Amino acid sequence: MSFSSLQAVNQLLAALPDAEYQRLVPHLEHISLPLKQVLHKVGEPIEYVYFPHRAIVSLVATLEKGSKVEVGLVGNEGVVGIPSVLGDNIATTTAMVQVADSGMRIEASLLKTEFGRGGVVQSLLLRYTQALYALTLQNAACNRLHHLDERLARWLLLVCDRVGSNELQLTHEFISEMLGVRRAGVTDAANSLQLAGLIRYHRGKITILNRQELEAASCSCYGIIKGEYARLLGTENR
């Protein structure tokens, strides 16, 4: 696949003018992103910035006693490693691949240099940072106030938007870690959605059967997050 074709897979890269993209091309590397690969760990320097294709990367916070919760989600609409471009290259979360595929990566220092030129690269990355911040804030409110079945519906919709498929390879154990709840709670919530005819779950694969009704079953956070990405970037999958 040509670099121009790969550019189109990630929506941030696709939004760049050709002149700015061509300055990045010699430094971009097409890589696979296998399941559960850690792209950077909390407290460690961020060496590379990643532009996922149809991979999904979770930004995970680790709490006391090793418990984990997802605080951010990055797919083909965005970039992993944004703090290194904005000024500090020390990761405040752990970035882990939750849906395998591929992406492009570039040394963080080189993208920071391009960011410093101004132009569309800088504008896009700043607006993406604002969108990711909005996602993080909405996640915090959602996790505190909404029922688990609503939160699960919201999370599945966000993942599907970025993968571009209604079929996801996800275990209940993994989802429970991302949502910061017990596995039994995820099982109950998934069973509720399955009994309603919205999803089908079998052997680690979740299939969305009725997208419209799943959106109705989700809390309002899904629409708010989707709207913010569309407003700020105009690149969110529809």
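**What to know about the nonpolar core**
Next up, step 1: The biggest cluster of nonpolar side chains holds 68 residues, and the ones touching the most others in it are Phe51, Leu111, Leu125 and Ile199.
Next up, step 2: Sorting elements by how many residues they give to this core places helix H7 (residues 148–163) first, with 9 residues.
Next up, step 3: Those residues in contact with Ile199 that lie beyond four places of it in its chain are Leu156, Ala190, Leu193, Gln194, Ile206, Thr207, Ile208, Leu209 and Leu214.

**Some points on the sheet that holds strand S5 (residues 68–74)**
Next up, step 1: Across the sheet, 4 strands lie side by side as S2-S6-S4-S5; this open sheet has antiparallel pairing. Among the strands making up the open sheet, the edge pair consists of strand S2 (38–40) and S5. With strand direction ignored, the average angle separating the axes of adjacent strands in the sheet is 35°.
Next up, step 2: In the sheet, strand S4 (residues 56–62) pairs with S5 via 6 bridges, with the strands oriented antiparallel. When the bridges of S5 are listed, Leu59 appears paired with Gly72.
Next up, step 3: Along the sheet face, helix H8 (residues 172–179) touches S4, S5 and strand S6 (94–99) and points at about 90° away from the line of S5.

**Some remarks on the packing of aromatic side chains**
Next up, step 1: Tallying each qualifying case throughout the model produces 1 aromatic pair.
Next up, step 2: Taking 6.4 Å as the distance between ring centres and 70° as the angle between the ring planes, the aromatic pair formed by Tyr128 and Tyr229 counts as edge-to-face. Of the two residues, Tyr128 sits in helix H6 (residues 119–145) while Tyr229 sits in helix H11 (residues 221–233), which places them 101 residues apart along the sequence.
Next up, step 3: For Tyr229, a relative accessible area of 1% gives the class buried.
Next up, step 4: Geometry around Tyr48 places Arg105 over its ring, the cationic atom sitting 3.8 Å from the centre.
Next up, step 5: We note Arg162 situated over the ring of Tyr229; from NZ or CZ to the ring centre the distance is 5.2 Å.

**A short note on the packing of H7 against H11**
Two quantities define a packed helix pair, namely the angle between the helix axes and the distance between the axes.
Next up, step 1: Interhelical geometry of H7 versus H11 gives an angle of 30° and a closest axis separation of 9 Å. Considering their axes alone, H7 and H11 lie roughly parallel with respect to each other. Of the two elements, H7 crosses H11, and the hand of that crossing is right-handed. Mapping the contact onto sequence places Arg154, Leu157, Leu158, Asp161 and Arg162 in H7 and Cys221, Tyr222, Ile225, Lys226 and Tyr229 in H11.
Next up, step 2: Within the contact of H7 with H11, the residues separate by chemical class into 6 nonpolar, no polar and 4 charged.

**Some points on the packing of H8 against helix H9 (residues 183–195)**
Next up, step 1: Two numbers describe how H8 lies on H9: the axes approach to 8 Å, and their chain directions differ by 110°. Considering the angle they form, H8 stands roughly perpendicular to H9. Residue-level contacts link His172, Glu173, Ile175 and Ser176 of H8 to Arg183, Val186, Thr187 and Ala190 of H9.
Next up, step 2: Grouping the constituent residues of the contact of H8 with H9 by class yields 3 nonpolar, 3 polar and 2 charged.

**So, the sheet that holds strand S7 (residues 101–107)**
Next up, step 1: The 3 strands are arranged S1-S7-S3 in an open sheet whose pairing can be described as antiparallel. The open sheet has two free edges, formed respectively by strand S1 (29–33) and strand S3 (48–52), since each of these has just one partner strand. Between one strand and the next, the sheet's axes are offset by a mean angle of 40°, whatever the strand orientation.
Next up, step 2: As paired elements, S3 and S7 share 5 bridges and run antiparallel to each other.

About the thresholds
- Residues numbered from 1 in each chain as written.
- Predicted model: local features only at pLDDT ≥ 70, side-chain atom pairs only at ≥ 80, totals over all residues.
- Heavy atoms only, no water.
- Core = buried A, V, L, I, M, F, W, Y, C linked by side-chain atoms within 4.5 Å.
- Buried < 20%, exposed > 50% of the residue type's maximum accessible area, 1.4 Å probe, protein only.
- Helix = DSSP H or I, 4+ residues; strand = E, 2+ residues; numbered from the N terminus.
- Contact = heavy atoms within 4.5 Å.
- Pairing = 2+ DSSP bridges.
- Axes fitted to C-alpha atoms, helices over the stretch in contact; angles between N-to-C directions.
- Phe/Tyr/Trp six-rings, centres within 6.5 Å; stacked < 30°, edge-to-face > 60°.
- Lys NZ or Arg CZ within 6 Å of the ring centre and 35° of its normal.
- Parallel < 35°, antiparallel > 145°, perpendicular 65-115°, else oblique.
- Left-handed = near helix turned anticlockwise from the far one by under 90°.
- Nonpolar A, V, L, I, M, F, W, Y, C, P; charged D, E, K, R; others polar.

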